[in-house]
Amino acid sequence: MAKKTNALNLFGQAAWEGVDTARKAQHRDDNAGVSEIMTLWKQCLEIIKDNLSVQVFRTWFEPIKALSFEEGEVTLQVPSQFYYEWLEEHYNTLLQKSVYQVFGTDTTLKYQVVIDSKKESLEQRTITLPGFRHSGVSAIQTKLPFVPASSSVEHFSSYLNPRYTFDNFIIGDSNQLACSAANAVAENSGRTRFNPLVLYSGNGLGKTHLVQAIGNRILKKNKRARVIYTTSERFTMEFVSAIQNNSHSAFSAFYRSMDVLIVDDIQFFANKEKTQDNFFHTFNALHQAGKQLIFGSDIPPKELKDIDERLISRFQWGLTADIQPPDLEMRMAIVQRKSKDEGITLPFYVVEYIAKQVTSNVREIEGCLISLIAKVSFDKRSITLDLVKEVVQSVVREVARKPLSVDEIKAEVSSHFNVSLDLLAGKTRKHEIVLARQAAMYFAKQLTTLSLKSIGSNFGGKDHSTVLHSINTIENYLVTDQTVSQSLELLRKNLTRKR
Ligand code: ADP
Ligand code: MG
């Protein structure tokens, strides 16, 4: 019990002091000086450290350099694209919370990613990428491609990440069809039967990489092509803010002026009826004009729930291709290729060890390699099998190798909220019980490898959209409600300690 209070105080106090410091800094000068940004960043790190194991903290957060805090935007430098992806994927919420607490809630985050440290000019050495990509609330504050004021928009960001190309995409049996279809579309955009092209797979298997590779290839061939990459969440947020700003028709015109529209994670259109309606008309306009539509989804289109039937049927007009998890040979090829790209040569037995141990997805393989590279370059350790084992264990454990069981999660949540297990899986709509239930589903998604569907069936047969809704609600709380979010962070800490 004493522990609980301490953790809360620490979190709360850091928040209070942080906001205060940030305000003072902003009053004095909008451009915080170098020492100021370092002080503020140090406060962020304190909060982050408190929520992670030492090992994880050292690997992912110590190498980050805080560069500047200007006009409400924090810029962090990370040593490679790997880092950027990993941080955004795994520590987005924690980073966002600490940045909001220390720098203020209207802060945006930008990363300067080192892509080639040997190049002379800063432009060649680094690329700049947006932070808080996966979060619902703050993405409104990050710069959106659709800008109402300049709606005719000759200049807009395609939001494509230049790292995602066909050249660095490794092909194997598991992604052969998806990859050939993507190639065909990139070569003959709008003129194949693959319109729309829908790629679906589990997490971390290369959908985003492939859909963006198409966009990058099209733009490489024709710089003037109007190509845009977005996600269903970003599209939704822009649509909502366009309605609020009375720029609804400019918004529609903007998206309908594209030659290639790439929308990732279309499963998150679920339950957004008005957005779906707008998107449906956008789809029709583009399709009729022979423009290319490309989508990424976690779920096969025909199984999408809470999405209008007419939209689901349109998703199936072209080609739907899935990507399966890579087999051993392909995982070995991935380890070899990625380590080579990062400038390290791994002995064969190390390649084999990683490929045998890290089986679930490509993102985790990348995670192991980054961690390994960090150990070799920052800690100056040489590559031995023991070191590799240590790295694989820590990364894989951090993500999913030792998932908690849903029962363990339920038990912890039930004691945290003082809600019985029956009520947790039941239908009661009382606020406290609903919150506990939603939190349990959220943590089940975060800390186990179960699909939304199986999580649902662990909670009295809820369907996957209910689980998705619960997750969204909790993610919202995490950034908007300090009391709930402190309680949830404490719960998260207690849960992860169990692993
Ligand atoms: P998804 O969108 O399916 O969750 P991503 O496209 O984000 O997955 O892939 C996760 C990471 O794995 C990315 O860094 C991506 O570059 C990498 N990746 C996935 N598949 C491959 C592949 N076949 N070859 C090379 N890199 C891959
Ligand atoms: Mg993706």
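Residues numbered from 1 in each chain as written. Chains lettered and ligands numbered in written order. Predicted model: local features only at pLDDT ≥ 70, side-chain atom pairs only at ≥ 80, totals over all residues. Heavy atoms only, no water.

**Student:** It is not clear to me how the pairing of strand β3 (residues 73-78) should be interpreted in this structure. Could you clarify?
**Tutor:** Within a regular beta strand, the side chains point alternately toward one face of the sheet and then the other, so they alternate between its two faces. By the criterion of burial, β3 is predominantly enclosed, with six of the six residues buried. Note that strand β2 (residues 65-70) and β3 share five bridges and pair antiparallel. The residue bridging Lys65 from the neighbouring strand is Gln77, located in β3. The hairpin formed by β2 and β3 contains two residues between the paired strands, and Glu71 there has a positive phi angle of roughly 45°. (Buried < 20%, exposed > 50% of the residue type's maximum accessible area, 1.4 Å probe, protein only. Helix = DSSP H or I, 4+ residues; strand = E, 2+ residues; numbered from the N terminus. Pairing = 2+ DSSP bridges.)

**Student:** Just checking my understanding: could you explain helix α10 (residues 248-256) for this structure?
**Tutor:** Residues separated by three or four positions in an α-helix point in the same direction, a consequence of the helix having 3.6 residues per turn. Those residues of α10 not exposed but buried are Ala250, Phe251, Ser252, Phe254 and Tyr255. On its buried side, α10 packs onto β7 (227-231), α9 (232-244), β8 (260-264) and α11 (273-288). (Contact = heavy atoms within 4.5 Å.)

**Student:** What exactly am I supposed to notice about the site of ligand 1 here?
**Tutor:** In the vicinity of ligand 1 lie 20 residues, with Arg163, Gly204, Thr208, His209 and Glu366 positioned nearest. Note that an oxygen atom of ligand 1 is positioned 3.5 Å from one of the side-chain N or O atoms of Asn203. Lys338 is positioned such that a nitrogen or oxygen atom in its side chain is 2.8 Å from a nitrogen atom of ligand 1. Alone, ligand 1 offers 550 Å² of accessible surface; in the complex the protein occludes 97% of this. Elements supplying a minimum of two residues to the shell around ligand 1: α8 (207-221), α13 (328-341) and α15 (362-377). Across the shell around ligand 1, the residue classes break down as six nonpolar, nine polar and five charged. (Near = heavy atom within 4 Å. Polar contact = N/O pair within 3.5 Å; in protein donor to acceptor, adjacent residues only side chain to side chain. Areas by Shrake-Rupley, 256 points an atom, 1.4 Å probe, with all protein chains shown as cover. Nonpolar A, V, L, I, M, F, W, Y, C, P; charged D, E, K, R; others polar.)

**Student:** Even after reading the chapter, I still don't get the packing of aromatic side chains, so can you show me in this structure?
**Tutor:** Pairs of aromatic rings are described using the distance from one ring centre to the other and the angle between the two planes. Counting across every chain of the model gives 20 aromatic pairs. When the centroid spacing of 4.9 Å and the interplanar angle of 85° are considered together, the rings of Phe254 and Tyr255 count as edge-to-face. According to the relative accessible area criterion, Phe254 is buried, its value standing at 1%. Residue classification places Tyr255 among the buried residues on the basis of a relative accessible area of 0%. (Phe/Tyr/Trp six-rings, centres within 6.5 Å; stacked < 30°, edge-to-face > 60°.)

**Student:** Explanation requested: the nonpolar core in the structure shown.
**Tutor:** Looking at soluble globular proteins, one finds that nonpolar side chains tend to be buried together. Counting residues in hydrophobic clusters, the biggest one holds 64 residues, and the most contacted among them are Phe61 and Ile354. Top contributing element to this core by residue count: α15, with eight residues. The contact partners of Ile354, leaving out residues within four places of it in the chain, are Val335, Leu346, Cys368, Leu369, Leu372, Val388 and Val392. Within the second largest apolar cluster, 31 residues are counted, among which are Ile409, Phe443, Ala444 and Leu452. (Core = buried A, V, L, I, M, F, W, Y, C linked by side-chain atoms within 4.5 Å.)

**Student:** Would you mind showing me how to read the packing of helix α4 (residues 81-90) against α15 here?
**Tutor:** Close contact between α4 and α15 brings their axes to 10 Å; oriented N to C, the two are set at 120°. The angle between the axes of α4 and α15 places the two elements in the oblique class. In this structure, the crossing between α4 and α15 has a hand that is left-handed. Contact with α4, carried on its side by Phe82, Tyr83, Trp86, Glu89 and His90, involves Arg363, Glu364, Glu366, Gly367, Leu369, Ile370 and Ala374 of α15 and no other residues of that element. Considered class by class, the residues forming the contact of α4 with α15 number six nonpolar, two polar and four charged. (Axes fitted to C-alpha atoms, helices over the stretch in contact; angles between N-to-C directions. Parallel < 35°, antiparallel > 145°, perpendicular 65-115°, else oblique. Left-handed = near helix turned anticlockwise from the far one by under 90°.)

**Student:** Explanation requested: the environment of Leu95 in the structure shown.
**Tutor:** Mapped onto the elements of the fold, Leu95 is located in helix α5 (residues 92-103). With 51 residues separating them in the primary sequence, Leu95 and Cys44 have C-alpha atoms 8.0 Å apart. Apart from residues lying up to four places away in sequence, Leu95 is in contact with Trp41, Ile48, Phe61, Leu76, Leu87, Tyr111 and Phe132.

**Student:** Explanation requested: the pattern of salt bridges in the structure shown.
**Tutor:** Between side chains of opposite charge, a pair can form when the charged atoms approach closely. Under the criterion given, the structure shown has 14 salt bridges. The residue Asp308 makes a salt bridge to Arg310 at a minimum N-O spacing of 2.9 Å. A relative accessible area of 31% places Asp308 in the partly exposed class. Overall, the relative accessible area of 31% leaves Arg310 in the partly exposed class. Because the salt bridges share partners, they merge into one network encompassing Arg163, Lys338 and Glu366. (Salt bridge = Lys/Arg side-chain N within 4 Å of Asp/Glu carboxyl O.)

**Student:** How should I be thinking about the packing of α13 against helix α14 (residues 348-357) in this particular structure?
**Tutor:** Helix packing geometry: the angle between the two helix axes and the distance between the axes. Packing of α13 against α14 leaves a shortest axis separation of 8 Å and a crossing angle of 125°. In this view, α13 runs oblique relative to α14, as classed from their interaxial angle. With respect to the hand of their crossing, α13 and α14 are arranged in right-handed fashion. In this structure, α13 contributes Leu328, Arg331, Met332, Val335 and Gln336 to the contact, and α14 contributes Phe348, Val351, Glu352, Ile354, Ala355 and Lys356. Split by residue class, the contact of α13 with α14 holds seven nonpolar, one polar and three charged.

**Student:** Would you mind going over the pairing of strand β6 (residues 197-201) with me for this structure?
**Tutor:** In terms of burial, β6 is a largely internal element, four of the five residues being buried. Direction of pairing for β6 relative to strand β9 (residues 292-297): parallel, over a ladder of four bridges. The residue of β9 that forms the bridge with Leu199 is Gly296. Sheet topology note: the β6/strand β10 (residues 319-323) ladder contains five bridges and is parallel. When the bridges of β10 are listed, Ser201 appears paired with Ile323.

**Student:** Can you help me understand the sheet that holds β8 in this one?
**Tutor:** The strands making up a sheet associate through backbone hydrogen bonding, with each pair oriented either parallel or antiparallel. Strand order across the open sheet formed by five strands is β7-β8-β9-β6-β10, with parallel pairing between neighbours. Of all strands in the sheet, those with a lone pairing partner are β7 and β10, marking the two edges. Going from strand to strand, the sheet's axes swing by 15° on average, the running direction of each strand aside. Judged from the five bridges that link them, β7 and β8 form a sheet pairing that is parallel. Residue pairing for β8: Thr230 is matched across the bridge by Val263. Those strands touched by helix α7 (residues 176-187) are β6, β9 and β10, and its axis lies near 135° from that of β10.

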